[in-house]
Amino acid sequence: MISIQEYRFAESLDEALALLDAGKRNRVIGGGMWLRLGHAGVRTAIDLSRLGLDKIEDAEGEVSIGAMASLRDVETAPCLRELFGGVLSESVKPIVGVQFRNMATVGASVYSRYGFSDLLTALLALDAAVVLHRAGEMPLDEFLRNPPEKRDILTAVHIRKDGRRAAYRSFRRSKTDFGVLNVCMSVSTEGDWRLSVGARPGRATRCPEAEALLAAGDGAGAAKAAAENLTYGSSLRGSADYRRHLAEVLTLRCWDALREDGAEARDSEPTDAGRDEA
Ligand SMILES: Cc1cc2nc3c(=O)[nH]c(=O)nc-3n(C[C@H](O)[C@H](O)[C@H](O)COP(=O)(O)OP(=O)(O)OC[C@H]3O[C@@H](n4cnc5c(N)ncnc54)[C@H](O)[C@@H]3O)c2cc1C
């Protein structure tokens, strides 16, 4: 159970950061769903909910998801159901239940870099960027590998709208449990392929060897490369070998989904012959 000595609603991000810097036991609070599991006492809980950070904005060149948007907001936002094959929506849907997703926030989920995170796996394949109040904007990929040393506040996640199509697959032993393995694949209109694998059980990471094979049109080779080139570990949800096997299967499923998706998109395009007939 969590104990909080002082609860503060920040009036600005600068004030929130100053409060965070004022003590090691001061913590930003998102939905509080993870924090409440901890036993360490929080000196000052810093609530960002009055700073208007809960918006999901679909602008011309990018989508911006505010740190205080809930996972349920991500699941239900019409633009996120539509864009990128709806993978962001899909990725959060299996997380616990609706009441939980109404509380848990995007900022906490991304900043905490949880190994099991469904959302991180999807965002990484979409080439997302994080916006930190102190350190500024940086690619999510870099944030996951080399996070800034000083504690910070994540204010938003940005995703470029580069016409990316994407597919997401996760495998769970039972509904609402943590994923045993998560995979997300995407391709931009320029043919830039991305593949991320999460819950290995380490945090989501890209697989450049597999991405090169995807670009060459070799889905089966990419699936093998994802299994062979990334590290997998054992946990109570599955062994390293089982995860390696799942990586190959889920990568292939994403590849098939994107190929079908591409074929459907091509089928629905008016052909020259169709135009002549009209
Ligand atoms: C029982 C349970 C099951 C779960 N299952 C899954 C699952 O299957 N898949 C999955 O992907 N996730 C899962 N999660 C994680 C969940 O999706 C959220 O990521 C998690 O609850 C954190 O969100 P929160 O808003 O509740 O964070 P909080 O508990 O409020 O905060 C968590 C941490 O993030 C910090 N923080 C909060 N906001 C910010 C910010 N804006 N900037 C910087 N730091 C910040 C806090 O100080 C704290 O250290 C699960 C969590 C629980 C408790």
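Residues numbered from 1 in each chain as written. Predicted model: local features only at pLDDT ≥ 70, side-chain atom pairs only at ≥ 80, totals over all residues. Heavy atoms only, no water.

1. Remarks on the site of the ligand
As a matter of local geometry, the ligand sits amid 32 residues, with V28, G30, G31, L35 and D118 nearest to it. At 2.7 Å, a side-chain N or O of D118 approaches a nitrogen atom of the ligand. Measuring from an oxygen atom of the ligand, one finds a side-chain N or O atom of R172 at 3.0 Å. If the ligand stood free it would expose 970 Å²; the protein chains cover 91% of that surface. Under a 2 Å grid-point criterion requiring more than half of the atoms, the pocket assigned to the ligand is the largest pocket. (Near = heavy atom within 4 Å. Polar contact = N/O pair within 3.5 Å; in protein donor to acceptor, adjacent residues only side chain to side chain. Areas by Shrake-Rupley, 256 points an atom, 1.4 Å probe, with all protein chains shown as cover. 1 Å grid on protein atoms, 1.4 Å probe; cavity = no way out; pocket = protein on both sides within 12 Å on 5 of 7 lines; lining within 4 Å. Sits in = over half its atoms within 2 Å of the grid points.)

2. A short note on the pattern of salt bridges
The tally for this structure, following the rule as stated, stands at 22 salt bridges. One salt bridge connects R134 with D21, and the closest N-O pair in it is separated by 2.8 Å. Taken together, the residues R134 in the loop between β6 (129–132) and β7 (136–139) and D21 in helix α1 (residues 13–21) connect sequence positions 113 residues apart. The salt bridge involving K93 is made with E90; its shortest N-O contact spans 3.2 Å. Accessibility expressed as a relative area gives 39% for E90, which makes it partly exposed. Among the ionic contacts, a cluster of salt bridges with common partners joins D127, R160, D162, R164, D192 and R194. (Salt bridge = Lys/Arg side-chain N within 4 Å of Asp/Glu carboxyl O. Helix = DSSP H or I, 4+ residues; strand = E, 2+ residues; numbered from the N terminus. Buried < 20%, exposed > 50% of the residue type's maximum accessible area, 1.4 Å probe, protein only.)

3. Some details on the sheet that holds β7
Spatially, β4-β5-β8-β6-β7 is the arrangement adopted by the five strands of the open sheet, whose pairing is antiparallel. Looking at which strands have only one partner, the edges of the open sheet turn out to be β4 (56–58) and β7. The average angle at which neighbouring strand axes cross in this sheet is 20 degrees, direction not considered. In this structure, β6 lies alongside β7, joined through four bridges in antiparallel fashion. From the neighbouring strand, V130 faces β7, where its bridge partner is M138. (Pairing = 2+ DSSP bridges. Axes fitted to C-alpha atoms, helices over the stretch in contact; angles between N-to-C directions.)

4. Describing the sheet that holds strand β10 (residues 179–187)
On the basis of which strands lie adjacent, the open sheet formed by four strands has the order β9-β10-β11-β12 and antiparallel pairing. Each of the sheet's edge strands pairs with one partner strand only, and the pair in question is β9 (165–172) and β12 (205–206). As judged from the eight bridges shared by β9 and β10, these two strands associate in the antiparallel manner. What sits directly across from F171, in β10, is L181. Relative to β10, helix α7 (residues 118–125) is tilted by about 20 degrees, and along the sheet it contacts β9, β10, β11 (193–198) and β12. Along the sheet face, helix α9 (residues 208–215) touches β10, β11 and β12 and points at about 145 degrees away from the line of β11. (Contact = heavy atoms within 4.5 Å.)

5. Side note on the layout of surface pockets
In this structure, the largest pocket encloses a volume near 950 Å³. Lining of the largest pocket is provided by 41 residues; of these, W34, A108, S109, S112 and Y114 occupy positions nearest its centre. Of the residues in the lining of the largest pocket, the class split is 24 nonpolar, ten polar and seven charged. (Points joined across faces, edges and corners; volume = space filled by probe spheres on them. Nonpolar A, V, L, I, M, F, W, Y, C, P; charged D, E, K, R; others polar.)

6. Focus: the environment of I4
If you trace the backbone, I4 turns up in strand β1 (residues 4–9). By relative accessible area, I4 is classed as partly exposed at 34%. As for I4 and R27, which are separated by 23 residues in sequence, their C-alpha atoms are 9.7 Å apart. The residues contacting I4, other than those within four sequence positions of it, are I29, V42 and A45.

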